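Notes for the structure review
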Amino acid sequence: MRIFKKILRPMCFLIVFILINALLSFALRPFSGSGSEMWKGFDDKTDIDLIYTGSSLCLCDIDPASTDKVTGLSSYNMGTNMQSIQSSFFAIQRAVEEKNVKSVVLLIDPETLEMDRTDNHRAEQCFVRNYADTKPFAQRITTGFQFVTDPAFIGKSSSIGYLFPWTYDRTSGIGFNIREKMSGTILDPADHRDANGFYGSDEVLDSDVELKHFNNAERWSIESGDLHVLVPDEKNVKTLEDIAEYCNGHNVKLYVITPPLRTSLTYYEWDSYRAMNDTIRNCLGSYGIDYYNFTLIKEDVFDLYDVSLYRDNTHFNSAGAERFSTLLGEFMLKCDSGEDVSDMFYHY
């Protein structure tokens, strides 16, 4: 009897603790957030030939419907906000192993390439947790265990924090969120992905900021003397190598690109920007893979300074995404046919 009483108290505490965690998760976790929509859409889509993966640049800049019109393929956008290259690798592995995908477009974001993934643990937790939520219970437990024991996070608060999803995946509109969950439907259709994983917007950037062009970027960097110096994280570069090796080993065609970033040549110190490009090229070159930075695209091919194509200083709106995605589809066909595409870009 005494033993039973000793066990009963902690058991009751544990049950109450679990119920409170579940209640907070119900109230605070979005009914249909961008990250969960990505994995649910991926799970629902039965025929995928090609995926796009990367940060919000991928999410907002590539419209699969536009590329598919050109390539004739069926593609899906797996981009998520602040997605690390390690999470991109996770997405690629899931796409190859679960959907038998044969082509991958990996978007390189200079910001995330130099970021230590543990500095943005909320994005990492959300990415894995939203994936796990689409799987059966046993696989959900296994996936969570793998994250909790990941060498990058084990021993840190983000490891144990994974068990409390409302702490890293939450909404501020609690009342509206609860109404959506109670009804089981999206009550506001705006601000959601489409069936192909694309997140569009009709917003148009209102800006008269003078941006630097390729021809004067180096001089601007010298004259300014106070620009951001890019330093890619060594672990991220190693993961890029792992992705190249994995794709080659699984007979997957890998395209590595950076989409047009209109502010890059104004914001980044020139020598470090060149060095980053060289680091990526050298990393991929030994695997027979090219890297294409569309920030260096020539104006007669694509005008990345046309403000009507952007929702903000970094991301395309729907019109910009459609135009760039069409170009990307044509570009991939040229690459596949062995056509020389070097004249489309400026070269330092």
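Summary of the structure given here. (Residues numbered from 1 in each chain as written. Predicted model: local features only at pLDDT ≥ 70, side-chain atom pairs only at ≥ 80, totals over all residues. Heavy atoms only, no water.)

Points about the side chain of threonine 295
Inspection of the secondary structure puts threonine 295 in the loop between strand E5 (291-293) and helix H15 (318-336). Assessed through its relative accessible area of 3%, threonine 295 is described here as buried. Polar side-chain contacts of threonine 295 include one of 3.3 Å to the backbone oxygen of proline 259. Among residues more than four places away in sequence, those in contact with threonine 295 are Thr258, Pro259, Pro260, Leu261, Ser264, Leu265, Tyr273 and Leu304. (Helix = DSSP H or I, 4+ residues; strand = E, 2+ residues; numbered from the N terminus. Buried < 20%, exposed > 50% of the residue type's maximum accessible area, 1.4 Å probe, protein only. Polar contact = N/O pair within 3.5 Å; in protein donor to acceptor, adjacent residues only side chain to side chain. Contact = heavy atoms within 4.5 Å.)

Observations regarding helix H8 (residues 137-148)
If you check H8, its first and last C-alpha atoms are 16 Å apart, about what 12 residues at 1.5 Å a residue would give, namely 16 Å. Those residues of H8 that fall on the buried side of the exposure criterion are Thr143, Gly144, Phe147 and Val148. Looking down the long axis of H8, one finds its buried residues gathered within 135 degrees of arc, a one-sided arrangement. The exposed set on the far side of H8, more than 90 degrees from its buried face, consists of Ala138 and Phe145. (Expected span 1.5 Å × (residues − 1). Arc of directions from axis to C-beta.)

Observations regarding the sheet that holds strand E3 (residues 103-107)
The strand order E2-E1-E3-E4-E5 describes an open sheet built from 5 strands, whose pairing is parallel. Both edges of this open sheet fall to strand E2 (75-77) and E5, since each of them pairs with a single strand only. Shown here is a sheet whose adjacent strand axes are inclined to one another by a mean of 20 degrees, direction ignored. One ladder, built from 5 bridges, connects E3 with strand E4 (residues 253-258); its direction is parallel. Bridging across to E4, leucine 107 finds its partner in isoleucine 257. Against the sheet, H15 touches strand E1 (50-53), E3, E4 and E5, its axis set at about 135 degrees to E4. (Pairing = 2+ DSSP bridges. Axes fitted to C-alpha atoms, helices over the stretch in contact; angles between N-to-C directions.)

Focus: the pairing of E3
Counting buried positions along E3 yields 5 of 5 residues, so the element is predominantly enclosed. Burial along E3 is two-sided: Ser103, Val105 and Leu107 facing one way and Val104 and Leu106 facing the other are all buried. Direction of pairing for E1 relative to E3: parallel, over a ladder of 4 bridges. Paired with isoleucine 51 across the strands is valine 104, a residue of E3.

Things to note about the pattern of salt bridges
Per the stated rule, a full pass over the model turns up 14 salt bridges. Aspartate 233 is the partner of lysine 235 in a salt bridge, and the nearest nitrogen-oxygen pair spans 3.5 Å. By relative accessible area, lysine 235 is classed as partly exposed at 49%. Residue class for aspartate 233 comes out buried when judged on its relative accessible area of 15%. Here the salt bridges do not stand alone but share partners, grouping Asp43, Arg94, Glu97, Glu98 and Lys135 into one network. (Salt bridge = Lys/Arg side-chain N within 4 Å of Asp/Glu carboxyl O.)

A closer look at the pairing of E1
Here E1 shows a buried face lined by Leu50 and Tyr52 and a second buried face lined by Ile51 and Thr53. Alignment of E1 against E2, held across 3 bridges, turns out to be parallel. Each bridged residue has a counterpart across the sheet, and for isoleucine 51 the counterpart in E2 is tyrosine 76.

Considering the packing of aromatic side chains
Taken as a whole and assessed by the stated rule, the structure comprises 25 aromatic pairs. Summarising the aromatic geometry, the rings of phenylalanine 294 and phenylalanine 345 are spaced 5.3 Å apart at their centres and angled 65 degrees between planes, so their arrangement reads as edge-to-face. Of this pair, phenylalanine 294 sits in the loop between E5 and H15 while phenylalanine 345 sits in the segment after H15; the two residues are 51 residues apart in sequence, bridging distant segments of the chain. Note on phenylalanine 345: relative accessible area 6%, which makes it buried. Here the aromatic residues Tyr292, Phe294, Phe302, Tyr310, Phe316, Phe324, Phe331 and Phe345 are joined through ring pairs into a cluster of three or more. In this structure, arginine 94 is placed above the aromatic ring of phenylalanine 90, and the distance from its NZ or CZ to the ring centre is 4.6 Å. (Phe/Tyr/Trp six-rings, centres within 6.5 Å; stacked < 30°, edge-to-face > 60°. Lys NZ or Arg CZ within 6 Å of the ring centre and 35° of its normal.)

Interpretation note: all reported values are geometric properties and have no functional meaning in isolation.
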